[in-house]
Amino acid sequence: MVKQLCILGSTGSIGTQTLDVVRSYPERYGVYALCAHRSIDKLVEQALEFKPEVVCIADESLYEPLKERLSSLSCKIWAGADAIAEVVTMPSIDIVVAAMVGYAGLRPTIEAIKAGKTIALANKETLVVAGEIICDLALRHHAPILPVDSEHSAIFQSLVGEDQSEIEKILLTASGGPFRTFSLEQMKTVTAADALKHPNWDMGAKITIDSASMMNKGFEVIEAKWLFGVPVEKVQVLVHPQSIVHSAVQFTDGAIKAQLGAPDMRLPIQYALSFPERLKSDFPRADLFALKDLTFEEPDLARFPNLGLAYEATRRGGNIPCVLNAANEVANLAFRQGRCGFLQMSDIISNTMAKAAFIPKPTYENYVETDIEARKIAESLL
Ligand code: MG
């Protein structure tokens, strides 16, 4: 049985690596729909290779050129956010790979869950913003959520055959990013180009900046809370610069189970698609003899305040994690555009969290309003 995929964010880092997996297993996976933001050249190339039924582009101004360039194919060409929210519900689709960047991934992920699709989740912002709604819907519509994030895949793999109630602690590893050893003084003057040089992982620009500021790890703490049903106090972040131990779980009897491997996103992507099976791969192997050290340090919240802000946002609950995400999206983009400094990003996020109106039990509509309001506040602080 060929499983049909809908890939949201097909031209991004996770999207293209998902297509690598599909290329290795054409007898198992088919590409039913490709959706991208605005990278039209790459999208056209992918459509010509994989011949999906639907090709969707978020930026509506690119609809005509896309249609023209794919005129040799018989596929449907759609454009806009409404189209993406609709494509995920198509009956032939088995798995939706949610790999869009940021808040934009929320609505299509919710629609895919409501349609009972299996979700291979790479878009962590979805769970940061609206974890409670996502988890409730997933239960109600029997939509499995399988983590693609390498750390959460590692935790998920460590939990196979285990009972969630026996988790004592989740040990979430972090590479520490390019500024792990920098002083606060040095961090004042770093540029986006410096931050985009991640030591171990090759990822998109937004997440690479989030990794450098450790907001990515803060988001992953919140993601772990929702995926594995543990309070954030039970999620311990460990800085592990070698990125070999992808994360671990400590159980109530004191045993620790971890998943190790070379840093290559194709492995967690493939596992999310093939679970509960493991498929053969030629991905690079971690050579344990070649590793001199496996080290673990406590994160420094004074130099990386974003991590503390993420814990604070979940503790306050309600719409505050949504505020955290919106302010971060504004600050992250501003930093990439040279409109704010590296350390200023945390100030913007923290001040936005202080100023935004608190909603204890938000509905989906409240999240939409919160996102707009928080972005305005964050912009005004730039
Ligand atoms: Mg990760």
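Everything that follows concerns the structure shown earlier in this document.
**Observations concerning the sheet that holds strand E9 (residues 235–239)**
Read from one edge of the open sheet, four strands run E9-E8-E10-E11, paired in mixed fashion. Edge positions in the open sheet fall to E9 and strand E11 (256–260), since each of these has one partner strand only. Between one strand and the next, the sheet's axes are offset by a mean angle of 20°, whatever the strand orientation. The sheet contact formed by strand E8 (residues 167–174) and strand E10 (residues 245–251) spans four bridges and is antiparallel. Each bridged residue has a counterpart across the sheet, and for lysine 169 the counterpart in E10 is glutamine 250.

**A closer look at the layout of surface pockets**
In this structure, the second largest pocket encloses a volume near 440 Å³. Of all the secondary-structure elements, those providing two or more residues to the lining of the second largest pocket are helix H6 (124–140), strand E7 (145–147) and helix H11 (215–228). Ranked by residues supplied to the lining of the second largest pocket, first place goes to H6 with four residues. Split into classes, the residues belonging to the lining of the second largest pocket amount to 16 nonpolar, one polar and one charged. Residue contributions to the lining of the second largest pocket reach at least three from each of two domains, namely domain 1 (3–147) and domain 2 (152–262 + 285–302).

**Thoughts on unusual backbone geometry**
The peptide bond linking phenylalanine 275 to proline 276 adopts the cis configuration, its omega dihedral lying at 5°. On the secondary structure map, proline 276 appears in the loop between helix H12 (266–274) and helix H13 (305–316). A positive phi angle, near 155°, is found at serine 247, a position not held by glycine. Topologically, serine 247 is positioned in strand E10.

**With respect to the packing of helix H7 (residues 150–158) against H11**
For the pair H7 and H11, interaxial distance at closest approach is 10 Å and the crossing angle is 30°. As summarised for this structure, H7 and H11 are arranged roughly parallel, according to the angle between their axes. Classified by chirality, the crossing of H11 by H7 is right-handed. Counted together, Glu151, His152, Ile155 and Phe156 of H7 and Lys217, Glu220, Glu223, Ala224, Leu227 and Phe228 of H11 form the full contact between these two elements. Grouping the amino acids of the contact of H7 with H11 by side-chain chemistry returns five nonpolar, one polar and four charged.

**Some words on the nonpolar core**
Among the nonpolar cores identified, the biggest contains 128 residues, and Cys6, Leu66, Leu273 and Leu324 are the most heavily contacted of them. Ranked by the residues each element gives to this core, the list is headed by helix H14 (residues 320–336), at 10 residues. Residues in contact with leucine 324, not counting those within four places in the same chain, are Val128, Met215, Phe219, Ile222, Leu309, Ala310, Ala313, Ile349 and Met353.

**What about a negative patch on the surface?**
There is a patch of like negative charges on the surface, built from Asp163, Glu166, Glu168 and Asp253. Tracing the chain through its elements places aspartate 163 in the loop between H7 and E8. When its relative accessible area of 40% is taken as the criterion, aspartate 163 is described as partly exposed.

**Points about the pattern of salt bridges**
It is possible for side chains of opposite charge to pair when their charged atoms get near one another. Under the definition given, this model contains 23 salt bridges. Of the charged contacts in the structure, one is a salt bridge between glutamate 185 and lysine 188, with a shortest N-O distance of 3.3 Å. Overall, the relative accessible area of 54% leaves glutamate 185 in the exposed class. Across the pair arginine 316 and glutamate 312 runs a salt bridge, and its minimum N-O distance is 4.0 Å. With arginine 316 and glutamate 312 both in helix H13, this residue pair falls four residues apart, about one helical turn. Overall, the relative accessible area of 32% leaves glutamate 312 in the partly exposed class. Each of Lys124, Asp149, Glu151, Lys217 and Glu220 takes part in salt bridges that share partners, so that together they form one network.

Cut-offs and rules
Residues numbered from 1 in each chain as written. Predicted model: local features only at pLDDT ≥ 70, side-chain atom pairs only at ≥ 80, totals over all residues. Heavy atoms only, no water. Pairing = 2+ DSSP bridges. Helix = DSSP H or I, 4+ residues; strand = E, 2+ residues; numbered from the N terminus. Axes fitted to C-alpha atoms, helices over the stretch in contact; angles between N-to-C directions. 1 Å grid on protein atoms, 1.4 Å probe; cavity = no way out; pocket = protein on both sides within 12 Å on 5 of 7 lines; lining within 4 Å. Points joined across faces, edges and corners; volume = space filled by probe spheres on them. Nonpolar A, V, L, I, M, F, W, Y, C, P; charged D, E, K, R; others polar. Domains from an automatic or database assignment. Parallel < 35°, antiparallel > 145°, perpendicular 65-115°, else oblique. Left-handed = near helix turned anticlockwise from the far one by under 90°. Contact = heavy atoms within 4.5 Å. Core = buried A, V, L, I, M, F, W, Y, C linked by side-chain atoms within 4.5 Å. Buried < 20%, exposed > 50% of the residue type's maximum accessible area, 1.4 Å probe, protein only. Patch = residues over 30% accessible without salt bridge, like charges linked within 9 Å, V, L, I, M, F, W, Y side chains within 5 Å. Areas by Shrake-Rupley, 256 points an atom, 1.4 Å probe, with all protein chains shown as cover. Salt bridge = Lys/Arg side-chain N within 4 Å of Asp/Glu carboxyl O. Lys, Arg positive; Asp, Glu negative; His and termini not counted. Charge placed at Lys NZ, Arg CZ, Asp CG, Glu CD.

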